[in-house]
Every structure is written in structure tokens, then in C-alpha cells.
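Spelled out, the chains give:
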There are 2 protein chains.
Amino acid sequence: MTNKRVAIIGAGPSGLAQLRAFEAAKKQGLEVPEVVCFEKQSNWGGMWNYSWRTGVGKYGEPVHGSMYKYLWSNGPKECLEFSDYSFDEHFQKPISSYPPRPVLFDYIQGRIKKSNVRDYIRFNTTVRWVNFDEETQKFKIILDNLKIDKTYSEEFDYLVVASGHFSTPNMPYFEGIDQFPGQVIHAHDFRGADPYKNLDLLIIGSSYSAEDIGVQCHKHGAKSVTLSYRSNPIGVNWPDGIKEVPLLKYFDGDVAHFKDGTSQRFDAVIMCTGYQHKFPFLPDEMRLKTKNNLYPDHLYKGVFFNDLPQLIYLGMQDQYYTFNMFDAQAWVARDFMMDRYQIPAKGARRLDINKWLIENEKLKSSFDHIDFQTNYIKDLLALSDYPDFNVDKVAVMFKEWIKDKDDNILTYRDKTFQSVVTGTMAETHHTEWMDELDDSKERYLYQEQAEDMLEDTLEEERL
Amino acid sequence: MTNKRVAIIGAGPSGLAQLRAFEAAKKQGLEVPEVVCFEKQSNWGGMWNYSWRTGVGKYGEPVHGSMYKYLWSNGPKECLEFSDYSFDEHFQKPISSYPPRPVLFDYIQGRIKKSNVRDYIRFNTTVRWVNFDEETQKFKIILDNLKIDKTYSEEFDYLVVASGHFSTPNMPYFEGIDQFPGQVIHAHDFRGADPYKNLDLLIIGSSYSAEDIGVQCHKHGAKSVTLSYRSNPIGVNWPDGIKEVPLLKYFDGDVAHFKDGTSQRFDAVIMCTGYQHKFPFLPDEMRLKTKNNLYPDHLYKGVFFNDLPQLIYLGMQDQYYTFNMFDAQAWVARDFMMDRYQIPAKGARRLDINKWLIENEKLKSSFDHIDFQTNYIKDLLALSDYPDFNVDKVAVMFKEWIKDKDDNILTYRDKTFQSVVTGTMAETHHTEWMDELDDSKERYLYQEQAEDMLEDTLEEERL
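Everything numeric here is computed off the predicted structure, so don't read it as measured data.

S.K.: Give me the lowdown on a negative patch on the surface, citing residues and values where you can.
M.R.: Residues and elements named next belong to chain A. Taken together, the side chains of Asp133, Glu134, Glu135 and Glu155 present a region of like negative charge at the surface. Relative to the helices and strands, glutamate 134 resides in the loop between strand S4 (125-133) and strand S5 (138-145). For glutamate 134, a relative accessible area of 59% corresponds to the exposed category.

S.K.: Pulling in residues and values, what's your account of the sheet that holds strand S11 (residues 224-228) of chain B?
M.R.: Residue and element names in this part refer to chain B. Spatially, S9-S16-S10-S11-S12 is the arrangement adopted by the five strands of the open sheet, whose pairing is parallel. Both edges of this open sheet fall to strand S9 (183-186) and strand S12 (242-245), since each of them pairs with a single strand only. Pairs of neighbouring strands in the sheet enclose a mean axial angle of 20°, with direction left out of account. Sheet topology places S11 next to S12; four bridges connect them, and they run parallel. Within the sheet, the bridge partner assigned to valine 225 lies in S12 and is isoleucine 242.

S.K.: Outline the packing of aromatic side chains, supporting the account with residue identities and numerical values.
M.R.: Counting across every chain of the model gives 71 aromatic pairs over all chains. Judged by centre distance (5.8 Å) and plane angle (80°), the ring pair of tyrosine 320 of chain B and phenylalanine 398 of chain B falls under edge-to-face. In this pair, tyrosine 320 of chain B is assigned in the loop between strand S20 (311-313) and helix H5 (323-337) and phenylalanine 398 of chain B in helix H8 (residues 391-407), connecting sequence segments 78 residues apart. Of the two residues, tyrosine 320 of chain B and phenylalanine 398 of chain B, neither departs from the other in class, the shared state being buried. Aromatic rings pair up to connect Trp48, Phe82, Tyr85, Phe87, Phe91, Tyr107 and Phe323 of chain A into one cluster.

S.K.: Could you give an account of the sheet that holds strand S14 (residues 255-258) of chain B, with specific residues and numbers?
M.R.: All names here are of chain B. Strand order in the open sheet formed by three strands is S13-S14-S15, with antiparallel pairing between adjacent strands. Two strands lie at the open edges of the sheet, namely strand S13 (248-252) and strand S15 (263-265), each paired on one side alone. Taken over all neighbouring pairs, the strand axes of this sheet differ in orientation by 25° on average, direction set aside. Taken together, the four bridges between S13 and S14 define a ladder with antiparallel strand orientation. Along S14, the bridge assignment pairs tyrosine 250 with histidine 257.

S.K.: So what's going on with the confidence of the model for chain A? Which residues, and what values?
M.R.: Put simply, chain A has an average pLDDT of 95, and 96% of its residues get 70 or more. For this predicted complex, the interface confidence reaches an ipTM of 0.94, while the overall pTM sits at 0.95.

S.K.: Outline the interface of chain B and chain A, listing residues and values.
M.R.: With 48 residues of chain B at the contact, the number on the chain A side is 48 residues. When chain B packs against chain A, close to 3,800 Å² is buried across both sides, 50% of that on carbon and sulfur atoms. Summed over the shared surface of chain B and chain A, the number is eight salt bridges. Among the ionic pairs, aspartate 284 of chain A bridges to lysine 150 of chain B, the shortest N-O distance being 3.7 Å. Our enumeration of links across chain B and chain A arrives at 22 residue pairs in polar contact (both at pLDDT 80 or more).

S.K.: Pulling in residues and values, what's your account of the relation of the copies chain B and chain A?
M.R.: The operation relating the pair of chain copies consists of a rotation about an axis and a translation along that axis. Least-squares fitting of chain B to chain A yields an RMSD of 0.0 Å, with the transformation described by 0.0 Å of translation along the axis and a rotation of 180°. The operation mapping one copy onto its partner corresponds to a two-fold rotation axis. Closest to the rotation axis within chain B is the C-alpha of glycine 55 of chain B, separated from it by 2.0 Å. Taken as a fraction of all interface residues of chain B, those also at the interface in chain A reach 100%, which identifies the copy contact as same-surface.

S.K.: Requested: an account of the packing of helix H5 (residues 323-337) of chain A against helix H7 (residues 366-381) of chain A, with residues and values cited.
M.R.: All names here are of chain A. With their axes 9 Å apart at the nearest point, H5 and H7 run at an angle of 35° to one another. Crossing of H5 against H7: the hand is left-handed. Residues Met325, Ala328, Gln329 and Val332 of H5 form the contact with H7, whose own contacting residues are Gln373, Tyr376, Ile377, Leu380 and Leu381. In terms of residue class, the contact of H5 with H7 is made up of seven nonpolar, two polar and no charged.

About the cut-offs
Residues numbered from 1 in each chain as written. Chains lettered and ligands numbered in written order. Predicted model: local features only at pLDDT ≥ 70, side-chain atom pairs only at ≥ 80, totals over all residues. Heavy atoms only, no water. Patch = residues over 30% accessible without salt bridge, like charges linked within 9 Å, V, L, I, M, F, W, Y side chains within 5 Å. Areas by Shrake-Rupley, 256 points an atom, 1.4 Å probe, with all protein chains shown as cover. Salt bridge = Lys/Arg side-chain N within 4 Å of Asp/Glu carboxyl O. Lys, Arg positive; Asp, Glu negative; His and termini not counted. Charge placed at Lys NZ, Arg CZ, Asp CG, Glu CD. Helix = DSSP H or I, 4+ residues; strand = E, 2+ residues; numbered from the N terminus. Buried < 20%, exposed > 50% of the residue type's maximum accessible area, 1.4 Å probe, protein only. Pairing = 2+ DSSP bridges. Axes fitted to C-alpha atoms, helices over the stretch in contact; angles between N-to-C directions. Phe/Tyr/Trp six-rings, centres within 6.5 Å; stacked < 30°, edge-to-face > 60°. pLDDT = per-residue confidence, 0-100. Contact = heavy atoms within 4.5 Å. Buried area = accessible area lost by both parts, 1.4 Å probe. Polar contact = N/O pair within 3.5 Å; in protein donor to acceptor, adjacent residues only side chain to side chain. Least-squares fit on C-alpha atoms with pLDDT ≥ 70 in both. Left-handed = near helix turned anticlockwise from the far one by under 90°. Nonpolar A, V, L, I, M, F, W, Y, C, P; charged D, E, K, R; others polar.

Set out below in C-alpha cells:
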């Protein structure tokens with residue numbers, strides 16, 4: 001095993017989970033393979049590494065990040081907590097259940113900074129092409145060091161694809177959109193709500209991006225937000241200023257015409273129409289071809305590519321569970337790559353995949369979806385020594401979260417939950433979310449004391 | 001020669017010129033190699049094939065086009081006329097010297113539609129990787145059919161890279177830009193001036209994009225346009241509403257601070273900071289590594305990659321001459337691939353390249369640049385049977401054009417020039433450019449008659 005080499009593509013939450021998994025084995029005194037992680041960006045964090053850039057990055061590669069200013073967690077942090085590195089351990093005090101992006105990014109990095117895994121990552125390096133040699137059973141990977149404009153190739157025994165699937169926009173055409181005079185962007189290129197102040201905004205889509213970007217723009221002063229859905233509306237109790245309408249049929253100049261016969265003039269359009277699973281660096285027979293889905297076909301245990309199990313995909317599922325799911329997957333993948341976990345023969349793997357696919361087909365409500373992914377996580381946790389956590393309690397929190405959003409989309413982030421890792425109850429944030437216009441870590445973590453002091457002073461002055 | 005295969009990457013003006021060159025030989029009764037052109041977009045025209053999309057296209061590949069609504073030729077059409085297919089032949093009547101994009105796109109297509117070269121183009125197909133086999137002296141090209149998500153490879157004897165170099169943005173970082181609240185885009189993602197109506201716009205750059213986007217936004221109602229230059233201002237007689245300032249130093253919120261100590265608040269930023277020569281599909285030893293330049297190093301006669309002359313680059317120069325230069329290059333490249341034109345040995349080629357590089361170094365004024373590229377075109381024209389045209393007269397027109405812009409950046413497009421191919425004098429456009437807000441082909445070609453009739457009617461009514 002000593003000479004085995006593992007390539008990881010991407011140093012986002014999934015890729016870092018894989019690095020952490022190997023580190024955990026090393027700390028136990030186990031011999032681990034040589035691991036190299038290739039990251040196209042100049043820093044780790046994947047999606048959480050905010051970029052002001054849109055389109056392509058400094059070196060002309062498509063920008064990975066889809067996050068934006070004022071992005072706050074849209075689910076309780078207690079549902080994604082690492083079971084081997086708690087929020088308490090990182091922040092040394094309770095924090096609220098819905099932190100902003102910089103705070104979660106800080107948390108992701110905290111665990112990783114405790115080891116030297118940064119040394120295993122080749123930054124500014126993109127994968128151009130992968131060949132698998134049937135004879136040697138090795139992956140030959142063609143790499144491009146963007147910083148020095150140098151290509152080279154290396155061979156590996158295992159390939160872990162952790163490049164994410166919320167980076168490549170899916171952007172349908174609507175008649176007349178090419179003549180719409182205002183800005184038309186995909187959610188991937190949305191970098192903040194400010195440019196939409198006092199504008200009439202049309203958002204196409206009815207999933208998380210549509211919901212969150214709509215609410216953010218409402219919060220930061222859009223004149224009106226109209227969400228257009230294809231099949232089903234989001235259907236929460238929208239405040240005045242946000243509404244849902246059926247699918248856009250066509251544009252006539254700046255006027256959008258909808259399926260129900262209504263029409264309206266808009267200043268700008270944001271397409272929240274989802275993302276593609278895109279692996280341009282792989283031959284198509286090695287590509288995971290799937291829509292966004294709780295159980296993509298062809299992946300045994302959701303990770304091992306059934307036609308070639310040395311090819312491992314992390315985090316390719318549609319996600320309720322996130323960081324903790326990536327961990328659970330990475331630990332199992334690690335044990336497979338270290339010959340500590342054996343997978344059955346291809347036919348048996350196919351049967352197992354089919355079982356999940358059939359279950360997946362039956363799901364109806366969002367509660368069903370949560371239960372399904374909860375069962376998947378339990379299945380994974382049984383296969384490795386990744387620390388168990390109370391998954392059923394997390395499922396209950398997910399369901400509460402859904403109810404909270406239905407009740408009030410503007411205040412659900414003010415709710416608090418209890419950690420299943422430490423039992424700690426979250427703090428109520430010092431400012432209600434709708435009044436909190438600053439998403440900085442400094443403001444989030446330390447403003448409370450500052451404000452308490454200011455209030456005391458003001459009170460004294462008034463007295 | 002019969003079994004030779006030629007791959008062309010890109011079906012824009014350069015790639016189409018190459019296809020046309022082979023067609024011309026075929027019409028002469030010559031035997032031509034098998035030619036396949038790979039085009040990532042779903043139609044030909046390259047840059048001229050307008051897309052409303054920004055970022056990535058339908059299949060998740062970086063969008064090629066950098067053109068926008070209301071884009072009008074920024075140089076006289078008489079300076080780019082095909083010498084084997086005149087504007088007269090295409091439009092059957094004189095037109096103005098500065099047509100809008102759809103009219104020029106129509107012209108480019110006209111010549112090509114006269115043959116069946118469309119059959120040689122594989123649309124929606126991107127090149128993933130190229131290997132050159134020293135032993136067989138063949139290029140193995142890995143292709144990706146985006147529409148059906150299928151990869152495959154084929155072998156070729158010659159590779160013509162005609163993928164352009166105005167597609168991959170160069171976008172420098174400025175302190176504070178990540179916190180600038182308004183929209184920040186590169187010129188590549190600019191799709192029209194409308195969203196900038198009534199806004200204070202900052203444009204960074206001092207080349208063609210900056211000049212043209214600035215003028216377009218002014219014309220279409222921006223409140224103010226400020227152009228920030230690094231070394232030298234564009235320096236034309238700007239109208240009220242457009243001004244030039246030294247380089248941006250940093251942003252503080254929505255306030256830009258410039259090198260001369262001045263500062264100003266802005267609503268939006270457009271980075272007209274140029275493009276990168278980017279060939280992600282080539283091993284770095286086959287990549288043309290150059291800045292935008294009138295004579296990129298490593299290219300014999302501006303086209304043959306000196307280390308491997310079977311690798312041919314078209315249109316990689318900074319451009320005064322465009323369509324006619326691509327033609328002149330493509331004809332020479334064709335004759336080389338058909339063994340009708342021999343190139344000297346590598347050392348001699350290097351000396352020839354050096355001669356041009358040394359001349360290039362000496363150039364100072366834009367008139368020098370024009371003369372330099374004029375000499376380059378003459379050098380090319382002597383090497384093939386591409387129909388000669390009066391290059392010196394074109395050079396004179398380029399110089400007039402520069403003076404016209406200096407005089408009045410808002411009216412230079414109302415000037416007319418004489419064709420060196422047919423001797424035809426351009427028409428004065430029916431509407432002055434500053435008053436012409438419609439860039440459609442219909443309006444451009446047929447509105448005059450319609451308006452004349454309307455005026456007659458109105459006059460009659462008044463009488």
C-alpha cells in the first residue's frame with residue numbers, strides 16, 4: 001500500500017474532508033498513501049472562498065464560487081457540524097444557528113489548520129485531462145500550473161473528484177431574452193444585493209438560490225422581487241414586496257409575459273435555474289452524468305463509480321446534509337483506498353445502488369427527502385470510524401427548519417438549535433437577521449460586547 | 001498529400017478564412033486535404049455570433065463572444081473588406097462605412113454560404129486536449145461533443161488554431177474592489193449600455209473596449225462616464241459627460257480613489273483591461289505565450305509556430321487589419337499545408353521573426369503601428385494567390401480614421417471611405433450615428449426608403 005498515490009480534485013469542503021480523513025488515520029499511527037490535492041483557486045474552501053470575480057478568474061478559468069456578499073447560512077449550522085470538530089471547539093463560545101459565510105469559512109479552515117495538510121495541496125493548478133490505463137490500472141492526469149503556465153502529468157492509483165456541482169450554471173433560453181435591455185445574470189454571478197436597490201427584479205427559479213437571492217434583494221432594498229416557478233412555487237408566506245408567479249413564457253422588450261397571462265416590466269433578471277454536474281477533464285465514460293439528485297445513479301454508497309471504483313466522487317448528491325455528509329463519505333473512501341474497507345463485486349454494488357434509486361423514486365415531501373438522506377448518512381457512518389452523531393436529531397432539526405421557513409422566511413434565521421455534537425444550545429444573535437446588514441466575522445463575533453458598551457454609555461448620557 | 005488531415009479550431013473569421021482558402025483551391029481543381037473545423041458554439045462567426053449569455057454557455061463552457069447590443073464597427077469597413085468578396089457583391093448596393101454588428105456578421109456569412117463548408121464544421125464541439133506524437137508526426141486531438149456529452153479523439157497532420165484572443169478576460173485586482181457595492185464586470189461580459197442609464201460609470205482601461213463602451217454608455221444615457229488609464233489617456237476630444245482620469249488606486253466602499261489624489265463615487269465598474277491569449281487545450285510547449293502585440297514572438301510569417309510549424313496560429317496579432325489579414329494568413333497557411341509553399345529551416349525562420357520583432361520594438365506612434373502591419377500584410381500577399389489589394393491606400397484610411405476619432409469621437413462613424421476592392425464610395429448612413437439607437441440589419445439596410453416614404457406622407461399632410 002505504501003507506494004499508492006491518491007489524487008484529489010478540489011480543496012473545498014469535500015476535498016478537505018478527504019485530506020482530514022487521511023490525517024486522522026495518520027494520527028492513529030496508520031500508514032497512509034501519498035495524497036496530492038489539486039485546487040484551481042489560490043486558496044482552499046471551494047465555494048466558501050468568496051471571489052469578487054465573475055465569469056473567469058485571474059488565469060482565465062471559469063470562476064468556481066457562487067457565493068455573494070451578505071450570504072448567511074440558509075440552514076441551521078447544527079445540521080452540518082463536523083462530529084470530530086465542534087463549533088464550541090472552534091469558537092470557544094456559543095454562536096447563533098445561522099452564521100454568515102465568513103464565519104462558516106473560518107470554521108471549515110479551523111479544523112484543517114490544525115495539521116499540515118496545506119502542504120498536500122497544489123494551488124492554482126487545474127486538471128486538464130485524465131486517462132485511465134486499463135493495463136497499469138493507473139490514472140494519468142494532465143495538470144496545468146496556471147501561475148507559471150506550465151503543463152505536466154502524473155500518475156495516480158486513485159482519483160477523488162471533489163470539484164463540486166454548484167459552479168457550472170444551467171441557463172435556459174427564453175424567447176426575447178436576448179433583447180431584454182437590463183442585466184441578465186445567473187445566480188452563479190450574483191455577488192450582492194446592492195445593485196438591485198430600487199429595481200424591479202425578476203428571479204427565475206424556485207429552489208434555494210431563488211429563495212435566498214430574492215429575500216436578500218428584498219432585505220437590501222429592491223423595489224419588488226418576482227419569482228417565476230416552473231412546476232411548483234416555493235409557497236412560503238412571502239412578505240409584501242416578494243411574490244411568486246408561474247413560469248416566464250417570453251420577453252417583449254423589458255416586459256415579461258408569464259404562463260398565467262399576466263405580464264410585468266422588469267429592470268433586471270437573475271436566473272436561479274440550477275447547476276450542471278460538469279467534469280470537462282474526464283473522458284465521458286468516467287463522467288458522472290446526472291441531474292441534481294439525492295442519489296445519483298452509478299455511485300456505490302454514493303461515492304464509488306460503479307464502472308471503476310478507484311474513481312471516487314464526493315458530495316455529488318443534492319444536499320440537506322453537507323459538511324458532515326462529505327466527512328462520512330470521505331472516511332469510507334479513505335478506508336477503501338487504504339484497503340480497510342472492501343466493496344462487493346460490481347453486480348452486488350449495482351443491486352445496492354438500485355435499492356436506493358427505487359427508494360428515491362418514492363419520495364414525495366421534503367420530509368421524505370430528509371429521511372432518505374438521513375438513512376444514507378446512517379448507512380455511511382456504519383462503515384467507518386468517523387465519530388457517530390445523532391443523525392435522527394439532525395433530521396428533526398431539518399424538519400423544524402422547513403417549518404420555520406414556511407412560517408416566516410424573513411425571521412427563520414433568528415431561531416436557535418442545539419448541537420448534537422456538544423449539546424450546546426445556540427446563542428440568539430445580537431441583531432435580528434432582517435436588521436443585520438453587516439456579514440463580517442468581526443461584527444458577528446465581537447459586536448455584541450461593543451454594542452452593550454455603547455448602549456450603557458448612551459443610557460448613562462440619557463440619565 | 002491526399003490522405004493529409006487538417007484540424008481547425010474555431011469557426012470565427014480566422015477559421016472561416018482557412019475554410020474559404022481551401023475552397024478556393026478546390027475550385028481551381030486542386031486536390032485539398034481533408035479539413036475538419038471544431039467550433040464550440042452552435043453557429044459560426046466567432047466573436048460576431050452575438051450571445052446574450054455571459055460567463056458560461058448552454059453547455060457550461062466559457063462564453064466566447066465579447067460583443068454587445070448597439071456595437072457598430074469601430075473602424076471603416078473599407079479597411080477590412082475581403083479582396084475576393086466585396087461589400088458590393090454581398091449587399092448589391094453601397095452602404096455606409098461603419099455598419100453595426102449584424103450587418104458585418106451578414107457579410108462574413110455571405111461568402112461562406114456560397115459553398116458547402118458548413119459541412120466541414122462540427123459545431124458544439126470543444127477541444128479538450130492535444131498531443132503531438134513526435135514519431136508519427138501527428139496531432140492526437142481529444143474532442144468533446146457538448147450536445148451529446150461524448151468525448152472522442154482523432155488524428156491530424158496539421159493543426160490550425162483559430163480560436164481568437166479576445167475571449168479570455170484579463171482582470172486585475174484593485175484594493176477594495178471586493179467590497180465595491182455595485183456591479184463589477186469585465187468588458188467581455190458587457191451586453192449593452194441600457195443597464196447603465198442614469199448611473200455614474202467607472203471604466204478602467206484606455207484601449208478600444210474602454211473607448212467604445214464609454215461612448216456607447218454615454219450615447220445611451222449614462223449619467224457620467226469616467227475612464228481611468230494606466231499609462232496614457234486615450235486623449236481624444238471627449239464630450240461633456242465623459243472624462244479621463246489617471247489609474248485607480250483603491251476603492252473605499254463605492255468611492256474610487258485615483259493616482260492624482262482625486263476621488264469619486266460610482267454606481268458600477270466595467271473593466272476594459274484586455275484579454276489573455278489562452279490555449280487551455282494545448283501542452284504549454286505548444287502554447288503561444290504572448291501579450292497582445294503586433295508581432296507575437298515564435299510565429300514565422302505571423303502564423304507558423306517555429307518549434308513545430310505544422311502548428312499554425314491565425315489572427316493572433318493585435319489588429320488594425322482584421323478580415324483581410326486573416327485571409328492573407330490563411331491562404332499562406334493553406335499553401336504550406338498543400339505543399340505549394342515551402343518554409344525555410346528553423347534557424348532562418350528565427351532570423352526572419354527577429355527582424356520583425358526588432359522593427360516592432362522601434363514603433364512609437366499609432367501611425368508607425370499601421371505602417372508596420374501594412375508591411376506585414378504586403379509580405380503575406382506576396383506569398384500566395386490571395387487577390388492583391390491596395391494595402392497602402394488602406395493604411396491611409398486607417399490614419400484618417402485615427403484623425404477622425406481625435407477630432408470627434410461621437411461623429412467619426414458618420415464619415416465615408418472608398419473601397420480598394422471595387423472603388424465604390426460608401427453611402428452616408430440615413431441617420432447620424434449619435435441619433436441611431438437601433439442596430440438591426442433591417443433598420444440599417446431598409447429604413448431609408450421607409451423613412452423617405454413616411455416623410456413624404458407627413459409633408460403632404462402638412463400641405
